[in-house]
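# Inside the fold
Each chain, written out:
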Amino acid sequence: MKIAIMQPYFFPYIGYYSLIAHTEKFVFFDTPQYIRKGWINRNRILNCNNEPLYVTVPIHKAERNTPIRDIVINQNIPWKEKIYGQLTRYKGKAPYYAQTLEVVKEVLETKTDFLSELSIKSVTQVSEYLNIGGNFDVYAQMGLDDITVQSPDEWALNITKKLGYDTYINPIGGMSFFDAQKYEDAGISLYFLKQELDFYPQFLGMEHFSEGLSIIDVMMFCKPQEIKDMMRHYELLKKG
C-alpha cells in the first residue's frame, strides 16, 4: 500500500496530482515552517503575452518559524478579484474555461482565513473534478503527536510506519533529501515519482510550449480524461 506526504500547494502542477492518483493515501503535511516564495500561496498560469504569470494569495507577515497551518491570508487585499481578472486571459480562447472557472470559484470562495485550508481545498477540489484520489488526511488533525524524528527525512518514514503503509512515494525533486538506507532498514519501499510533462495545446500562435504550469492551465485546455491519461506517463525510480 502506497502513501504520499506533501505540503499543501496552491493549485500545483500536474505531477502533484499524479502523486495523488498513484497512491492509496495522501497526507497534507501542514506543520513544517512556512517558507516564503514557494508554492504554498502561489502558482503560475499564462499572461496575455503567453508568458508565465504568478497567481498569488497574499498573506500577513508572520514570524520566521511559523508553521504552514498558522499562516493567515491577508483579506485586506482584493486577491480573489485579481485572480479572476488574471484568468480572463483564457476566456473565449481556452475550450474548458467555464468548467475550470467553476472549480477555481469553489476554491477561492472557501470561507477561511488560513492559507493551508485554502491550498488544501485547491488540491481536493481539483482531485474531485478529475475523479482521482480521495483518501486525504491533514497531518495536524491526525493525532500523531507522538511521532519524533532525528532528521527531516524521517518524518515521511515514521508517518508511513505509524499508518501501516509499506511504500512511500515522493516527487523526484526531493531525491537527494532522503537516506534510502533508513527506509530499507525499516522495511519501507522508497520510490520517487518522475512525471513526464506532456505537450498539450495552449494558446493559438504560441511559439513554445510552456510546461510545468499550475493545473489550472492544463484544465483550461484539456478534458479530465485527457489529464488523467497524461498522468499515466510517469516513472517510479529508486535512489542509487
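Read on for a plain summary of the structure. From a predicted model like this one, the values you see are computed outputs, not experimental measurements.

Taken in spatial order, the 6 strands make up an open sheet running β5-β2-β1-β6-β7-β8, and their pairing is mixed. Since the sheet does not close on itself, it has two edges, and those belong to β5 (136-138) and β8 (234-237), each with one partner. Within this sheet the neighbouring strands show an average axis-to-axis angle of 30°, counted without direction. By the bridge criterion, 2 bridges tie strand β1 (residues 2-6) to strand β6 (residues 167-171) in an arrangement that is parallel. Bridged to I3 within β6 is Y168. Across the sheet, helix α1 (residues 14-21) touches β1, β2 (25-28), β5, β6, β7 (189-195) and β8, and the angle it forms with β7 is around 140°.

With that settled, the discussion passes to the side chain of E154. Among the secondary structure elements, E154 is positioned in helix α5 (residues 154-163). Its relative accessible area of 14% is what places E154 among the buried residues. Among all residues touching E154, those that are not within four sequence positions of it are V149 and K182.

So, on to empty space enclosed by the protein. Scanning the entire structure with this criterion turns up 1 cavity of 30 Å³ or more. For the largest cavity, the calculated volume is near 80 Å³. If you go around the largest cavity, the residues you meet are Y13, I14, E196, L197, D198, Y200, F209, E211, G212, L213, V218 and M230. Taken together, the residues that form the lining of the largest cavity break down as 8 nonpolar, 1 polar and 3 charged.

Once that is clear, we can look at the pairing of β1. Burial analysis of β1 places 4 of its 5 residues in the buried class, which makes it a mostly covered element. Bridge count between β1 and β2: 4 bridges; the pairing is parallel. Counted as the bridge partner of M6 is F28 from β2. Crossover β1 to β2 through α1 is right-handed.

The space that makes up the largest pocket amounts to roughly 640 Å³. Forming the walls of the largest pocket are 26 residues, and the residues nearest its centre are I5, M6, Y9, N170 and P171. Residue composition of the lining of the largest pocket, grouped by class: 18 nonpolar, 7 polar and 1 charged. By volume, the second largest pocket amounts to about 190 Å³. Q33, Y34, I35, R36, I59, H60, K61, A62, E63, R64, T66 and I71 are the residues that line the second largest pocket. For the lining of the second largest pocket, a count of residues per class yields 5 nonpolar, 3 polar and 4 charged.

So, how was this worked out
- Residues numbered from 1 in each chain as written.
- Predicted model: local features only at pLDDT ≥ 70, side-chain atom pairs only at ≥ 80, totals over all residues.
- Heavy atoms only, no water.
- Pairing = 2+ DSSP bridges.
- Helix = DSSP H or I, 4+ residues; strand = E, 2+ residues; numbered from the N terminus.
- Axes fitted to C-alpha atoms, helices over the stretch in contact; angles between N-to-C directions.
- Contact = heavy atoms within 4.5 Å.
- Buried < 20%, exposed > 50% of the residue type's maximum accessible area, 1.4 Å probe, protein only.
- 1 Å grid on protein atoms, 1.4 Å probe; cavity = no way out; pocket = protein on both sides within 12 Å on 5 of 7 lines; lining within 4 Å.
- Points joined across faces, edges and corners; volume = space filled by probe spheres on them.
- Nonpolar A, V, L, I, M, F, W, Y, C, P; charged D, E, K, R; others polar.
- Right-handed = clockwise from strand over helix to strand, strands pointing away.

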